[in-house]
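# Structural overview for review
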Amino acid sequence: MWAIHFLANSSMNKQRYLVLVINHGVPENLLSSILDGCKGFFDLPEEEKQEFKGNHVLDPIRSGTSCNVSVEKAFYWRDFLKVFVHPVFYSPTKPAGLSEISLEYSQRVREVARGLLKGISESLGLEGSYIDKAQNLEQGKQIFVGNLYPTCPQPELAMGLPPHSDHGLLTLLIYNGIGGLQIQHEGKWVNVCALPNSFLVNTGDHLEILSNGRYKSVLHRAMVNNKATRISIAMAHGPSLDSVVSPAPELLVSSKGNEPAAYAGMKYKDYLEIQQSNKLDGKSCLDRVRIPAV
Ligand SMILES: O=C(O)CCC(=O)C(=O)O
Ligand SMILES: [Fe+2]
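What you see is a predicted model, and the numbers here were worked out from it, not measured in a lab. (Residues numbered from 1 in each chain as written. Chains lettered and ligands numbered in written order. Predicted model: local features only at pLDDT ≥ 70, side-chain atom pairs only at ≥ 80, totals over all residues. Heavy atoms only, no water.)

Side chains that are nonpolar tend, in soluble globular proteins, to be buried together. Counting 71 residues, the largest nonpolar core has Tyr 105, Ile 131, Phe 144, Leu 172, Phe 199 and Leu 207 as its most contacted members. Top element by residues in this core is helix α3 (residues 98–123). It accounts for 8 residues. The contact partners of Phe 144, leaving out residues within four places of it in the chain, are Ile 34, Cys 38, Leu 81, Lys 82, Val 83, Val 85, Ser 102, Ile 233, Ala 234 and Met 235. Membership of the second largest hydrophobic core comes to 7 residues, among which are Tyr 149, Cys 152, Ala 222 and Leu 280. (Core = buried A, V, L, I, M, F, W, Y, C linked by side-chain atoms within 4.5 Å. Buried < 20%, exposed > 50% of the residue type's maximum accessible area, 1.4 Å probe, protein only. Helix = DSSP H or I, 4+ residues; strand = E, 2+ residues; numbered from the N terminus. Contact = heavy atoms within 4.5 Å.)

Okay, here's the thing in structure tokens:
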């Protein structure tokens, strides 16, 4: 049986932001194997990693340094590996074994994410399968993001990842026991620590859009330190690339009358492309589709 803990629960408006899932059924050794496999990739010689560099933000395998080297002014203290793992599974061919572990990990985590989305649909007063059907999760985009934050001699001058919210519906994150993730909660940055073998779950921009703001995407950032290398794996779960995400029409009508849509619809693929091509900057991508209240 899963257990879900709400780590940040705004007392002001009862909006829930970030949860910790334990007893999720994904074997502990699979979590450690995928973290090891990811480290194995980052440890490859530079010229071997170059093979998996990718050119375009929608290339299925991309690796590199910083966030978006073409638009980022400051260099962030981070290497990354981004791989599309569903609906078509990709993996770098090195190091040996990574592909098999990644396939199993992706499938198991996707099941957990779909289970959570069922609960979230119900919490919105919708049928459990609502989000799954409306966003065509059978063909949903799942993206593996491995992050490596090497020890940094002057951590106060650098950052791992700048403040941002994730695209998609839910991101399930694990890390190698070294802290660094912070979320913004009631205007303050707070350190987030997960229990061993748990998933940290971030709600993404598309859950905010779909729920017409009942769920808010989590603003978060990654800090670096001068003691130990940190590795995290964020698994992003989005709708199918061709789904247009807009507020669920069922949430806009109630016995109390009509509720205005707070976000304009946009195809997930277009949103992803905009978010990934620009500098990560808070919730600026979401602001593009936000409809100001009149
Ligand atoms: O490394 C972390 O804890 C956060 C990673 C993250 O936010 C991301 O990959 O989008
Ligand atoms: Fe993130």
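From this point, things continue past the structure.
Our focus in this paragraph is the coordination of the iron ion (ligand 2). By definition of the ideal shapes, four donors in a tetrahedron about a metal sit 109.5 degrees apart, and six donors in an octahedron sit 90 or 180 degrees apart. The coordination sphere of the iron ion (ligand 2) contains the protein donors His 164 (NE2), Asp 166 (OD) and His 220 (NE2), at a distance range of 2.1 to 2.2 Å. All donor residues of the iron ion (ligand 2) come from one chain, and their arrangement in sequence is H-x1-D-x53-H. Remark: His 220 occurs in strand β11 (residues 220–222) and Asp 166 occurs in the loop between β6 (161–164) and β7 (170–175); sequence separation between them is 54 residues. (Donors = N, O, S within 2.8 Å, 3.2 Å for Na, K, Ca; no water.)

With respect to burial, β7 is a largely interior element, 6 of its 6 residues being buried. A two-sided burial pattern is seen for β7, the buried positions comprising Leu 170, Leu 172 and Ile 174 on one face and Thr 171, Leu 173 and Tyr 175 on the other. Where β7 lies against strand β10 (residues 199–203), 4 bridges are found, and the strand directions are antiparallel. Bridged to Thr 171 within β10 is Asn 202. In this sheet, strand β12 (residues 230–237) lies alongside β7 in antiparallel orientation, the contact comprising 6 bridges. (Pairing = 2+ DSSP bridges.)

Here the UniProt feature "domain: Fe2OG dioxygenase" (unreviewed entry) sits at residues 139–239. Counted over residues 139–239, helix gives 6% and strand 43%. Its end C-alpha atoms are 7 Å apart. (UniProt positions renumbered as here; feature names shortened; annotations may be inferred.)

Okay, the sheet that holds β11 next. The strand order across the open sheet formed by 4 strands is β6-β11-β8-β9, and the pairing between neighbours is antiparallel. The open sheet has two edge strands with one neighbour each: β6 and β9 (188–191). Within the sheet, the average angular offset between the axes of one strand and its neighbour, ignoring direction, is 20°. (Axes fitted to C-alpha atoms, helices over the stretch in contact; angles between N-to-C directions.)

Attention now goes to helix α1 (residues 28–42). Its 15 residues give α1 an end-to-end C-alpha distance of 22 Å, which sits within 8% of 21 Å, the value for a rise of 1.5 Å per residue. For α1, the full list of buried residues reads Leu 30, Leu 31, Ile 34, Leu 35, Gly 37, Cys 38, Phe 41 and Phe 42. With its buried residues spanning 160° around the axis, α1 presents them on a single face. Turned more than 90 degrees away from the buried face of α1, the exposed residues are Glu 28, Asn 29 and Asp 36. (Expected span 1.5 Å × (residues − 1). Arc of directions from axis to C-beta.)

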